[in-house]
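The primary structure of each chain is shown beneath.
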Amino acid sequence: MAENLPISLAGPMRGPEAGAAPTPLWVVIGLAMGPTVALGLARFAYALLLPPMRTELGWNYAAAGALNTANAVGYLAGALVAAAVGRRFGDKRVFAVSLLLTAFAVGASGVTASYALQLALRFAAGFTGALAFVTGAGLTAAAAKGGTPGRASTLLGVYFAGGGLGIALSALAVPPLVALAGWRGGWFALGGLSLAATLFAWSVLGRAPETASVAGGAGRGGWSARFLAPKLIAYGLFGAGYIAYATFIIAYLRSAEHLSGFVISAFWAVLGLASIVAAFAWGPVLGQLRGGWGAAATIGAVTLGAAMPLVWGGITGAFLSAILFGGSFLAVVAAVTSFARRVARPHAWTTVIAALTVAFGIGQSIGPVLSGALSDGPGGVKAGLWLSVAILAVASVVAATQREPENLS
């Protein structure tokens with residue numbers, strides 16, 4: 001089986017794919033509504049709602065963090081079946097339906113104060129969000145055919161930057177509605193934004209190329225789990241480290257730094273906008289870096305961003321953190337996916353992206369629980385965030401050990 005062969009023998013793509021007409025950028029922007037909904041609105045925006053929900057519903061940090069763990073566990077479950085579901089029903093169909101279901105789960109979170117139902121809805125949003133994210137990434141990998149490695153990395157960066165767009169949109173829409181209607185209004189706003197993004201994504205699917213598994217028939221193999229072990233481990237650690245920051249940073253800025261609601265909204269918007277700009281800044285760089293250095297560089301920048309508000313308090317540290325963290329954390333996903341696309345056969349792209357997403361999902365299922373437990377201790381939220389920094393630092397080192405396959409041009 002190809003999974004047991006060195007990856008260079010499994011038939012990786014070598015160099016730019018010739019003979020394919022470039023897919024228009026606006027199509028990739030439409031596909032980027034997948035991460036906009038699955039990541040930016042369904043997951044990251046919960047950080048804006050955690051403080052008011054925790055206050056009104058009487059949760060401790062562990063209970064509040066467990067909601068994002070439920071989302072992460074659902075995401076993990078979705079990632080486990082995404083490739084098979086995509087092959088069975090078609091990536092485009094799964095992408096479209098999953099986005100709609102995610103939008104409904106997000107909006108429904110504003111209906112109930114039941115902790116059990118909140119956990120169920122967060123799980124559901126994670127499950128369907130993973131299906132949309134993985135199949136959308138496979139479609140984007142196919143759309144990146146026909147150009148240079150730098151163009152492919154940039155298009156993948158544009159896709160993943162959709163998560164940053166969701167963060168920026170939530171920063172503009174959620175705080176005003178929370179002020180008017182409480183945390184329920186925030187969830188309704190996120191549901192409405194998710195539905196609008198879903199409709200935009202549907203409008204571009206007709207121009208998106210089919211993935212190789214649909215267009216050319218799926219074969220077995222095409223990638224090596226053994227070869228990708230450092231990347232899988234590093235990506236799992238990254239998932240644990242980044243989600244702790246994303247879950248608790250706003251609670252920290254409120255409780256420890258005493259920043260105003262307006263400043264925190266601006267912080268969240270800058271973080272999201274930085275990730276959008278970074279899609280174009282990191283693309284050419286990632287196209288040149290080989291082996292694990294792309295992931296190591298981006299995770300290293302994320303680590304610095306996560307540490308910044310802990311060592312440099314106040315508004316300055318917060319906004320430097322927003323720029324560094326926001327400008328790098330989605331670039332990590334682009335770096336990992338770009339490497340996987342380069343070393344796996346086209347028919348295996350969705351499968352290898354799903355495998356990486358599983359590793360990522362395992363990490364982010366653990367991160368909020370550990371960080372939340374530490375945050376309830378004597379060290380407070382700051383201790384939980386320091387755990388995030390430590391895990392991210394280890395992830396960067398592990399990523400650097402990933403070697404480049406032989407005979408790639």
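Note that the structure is predicted; figures quoted are calculated from it, not measured.

Another point: the overall build of the chain. Across its full length, the chain carries 16 helices and 0 strands. In the chain, buried positions account for 60% of the 409 residues. Of all intrachain contacts in the chain linking residues separated by at least 6 positions in sequence, the fraction that spans at least 24 positions is 86%. For the chain, the computed accessible surface area is about 14,000 Å², with 70% contributed by carbon and sulfur atoms.

Now for the confidence of the model for the chain. Of all residues in the chain, 90% have pLDDT values of 70 or greater, and the mean over the chain is 86. Of all helices and strands in the chain, the one with the weakest mean pLDDT is helix α9 (residues 212–217) (51), whereas helix α5 (residues 91–108) scores best (97). Predicted confidence is poor over residues 1–19, with pLDDT under 50, and the contacts of this stretch with residues over four places away or in other chains come to 46 contacts. A low-confidence stretch, residues 215–219 (pLDDT under 50), is modelled with 7 contacts involving residues beyond four sequence positions or located in other chains.

With that settled, consider the packing of aromatic side chains. All chains considered together, the criterion is met by 20 aromatic pairs. Between the aromatic rings of Phe44 and Tyr242, the centroid separation amounts to 5.7 Å while the plane-to-plane angle is 85°, which identifies the pairing as edge-to-face. Of the two residues, Phe44 sits in helix α2 (residues 33–44) while Tyr242 sits in helix α10 (residues 229–255), which places them 198 residues apart along the sequence. Given a relative accessible area of 2%, Tyr242 falls into the buried group.

As for its placement among the helices and strands, Gln402 is situated in the segment after α16 (380–399). Here the side chain of Gln402 touches Phe227 through a polar contact of 3.2 Å, landing on its backbone oxygen. Look past the residues within four positions of Gln402 in its chain and what remains in contact with it is Phe227, Leu228, Ala229, Pro230, Lys231, Gly291, Gly292 and Phe339.

Relative to the elements of secondary structure, Phe262 occurs in helix α11 (residues 261–288). Along the chain, Phe262 and Pro175 lie 87 residues apart, while their C-alpha atoms are 8.5 Å from each other.

To continue, consider the packing of helix α6 (residues 115–143) against helix α15 (residues 349–375). When two helices pack together, their arrangement is captured by the angle between the axes and the distance separating the axes. Two elements in contact, α6 and α15, have axes whose closest approach is 9 Å; the angle formed by their N-to-C orientations is 135°. The orientation of α6 with respect to α15, classified from their angle, is oblique. Handedness of the crossing formed by α6 with α15: right-handed. Judged by residue contacts, Phe133, Val134, Ala137, Gly138, Ala141 and Ala142 of α6 engage Trp349, Thr350, Ile353, Ala354 and Thr357 from α15. Looking at side-chain class alone, the contact of α6 with α15 contains 8 nonpolar, 3 polar and no charged residues.

This part covers helix α3 (residues 46–57). Buried within α3 we find Tyr46, Ala47, Leu48, Leu49, Leu50, Pro51 and Met53. Packed against the buried residues of α3 are α2, α4 (61–89), α6, α8 (162–204), α10 and α11. The first or second residue beyond α3 is Gly58, which carries a positive phi of 75°.

Here we take up the environment of Ala116. With respect to the helices, strands and loops of the structure, Ala116 is situated in helix α6. Once the C-alpha coordinates of Ala116 and Leu67 are considered, the two residues, 49 residues apart in sequence, prove to be 9.7 Å apart.

Positive phi is not limited to glycine here, since His258 has a value of about 55°. Looking at the element boundaries, His258 is found in the loop between α10 and α11. Given the relative accessible area of 62%, His258 is considered exposed.

To continue, consider the environment of Pro51. By the element assignment, Pro51 lies in helix α3. As a C-alpha pair, Pro51 and Ala251 span 200 residues in sequence and 6.0 Å in three-dimensional space. Ignoring sequence-local partners within four residues, the contact set of Pro51 consists of Ile250, Ala251 and Arg254.

When a protein is soluble and globular, its nonpolar side chains tend to lie buried together. Within the largest apolar cluster, 125 residues are counted, with the highest numbers of intra-cluster contacts made by Phe238, Trp268 and Phe329. The residues contacting Phe329, other than those within four sequence positions of it, are Phe44, Ile167, Phe238, Tyr242, Leu271, Ser275 and Val302.

Quick look at α10 now. The periodicity of an α-helix, 3.6 residues per turn, causes residues three or four places apart in sequence to face the same way. For α10, with 27 residues, the first-to-last C-alpha span of 39 Å sits near the 39 Å given by 1.5 Å per residue. In the structure, α10 departs most strongly from a straight axis at Phe248, where the bend amounts to approximately 45°. For α10, a buried count of 22 out of 27 residues is recorded, marking the element as mostly surrounded by other parts of the structure.

Each value, and the rule that gives it
- Residues numbered from 1 in each chain as written.
- Predicted model: local features only at pLDDT ≥ 70, side-chain atom pairs only at ≥ 80, totals over all residues.
- Heavy atoms only, no water.
- Helix = DSSP H or I, 4+ residues; strand = E, 2+ residues; numbered from the N terminus.
- Buried < 20%, exposed > 50% of the residue type's maximum accessible area, 1.4 Å probe, protein only.
- Contact = heavy atoms within 4.5 Å.
- Areas by Shrake-Rupley, 256 points an atom, 1.4 Å probe, with all protein chains shown as cover.
- pLDDT = per-residue confidence, 0-100.
- Phe/Tyr/Trp six-rings, centres within 6.5 Å; stacked < 30°, edge-to-face > 60°.
- Polar contact = N/O pair within 3.5 Å; in protein donor to acceptor, adjacent residues only side chain to side chain.
- Axes fitted to C-alpha atoms, helices over the stretch in contact; angles between N-to-C directions.
- Parallel < 35°, antiparallel > 145°, perpendicular 65-115°, else oblique.
- Left-handed = near helix turned anticlockwise from the far one by under 90°.
- Nonpolar A, V, L, I, M, F, W, Y, C, P; charged D, E, K, R; others polar.
- Core = buried A, V, L, I, M, F, W, Y, C linked by side-chain atoms within 4.5 Å.
- Expected span 1.5 Å × (residues − 1).
- Bend = angle between axes of the 7 residues up to and from the residue.

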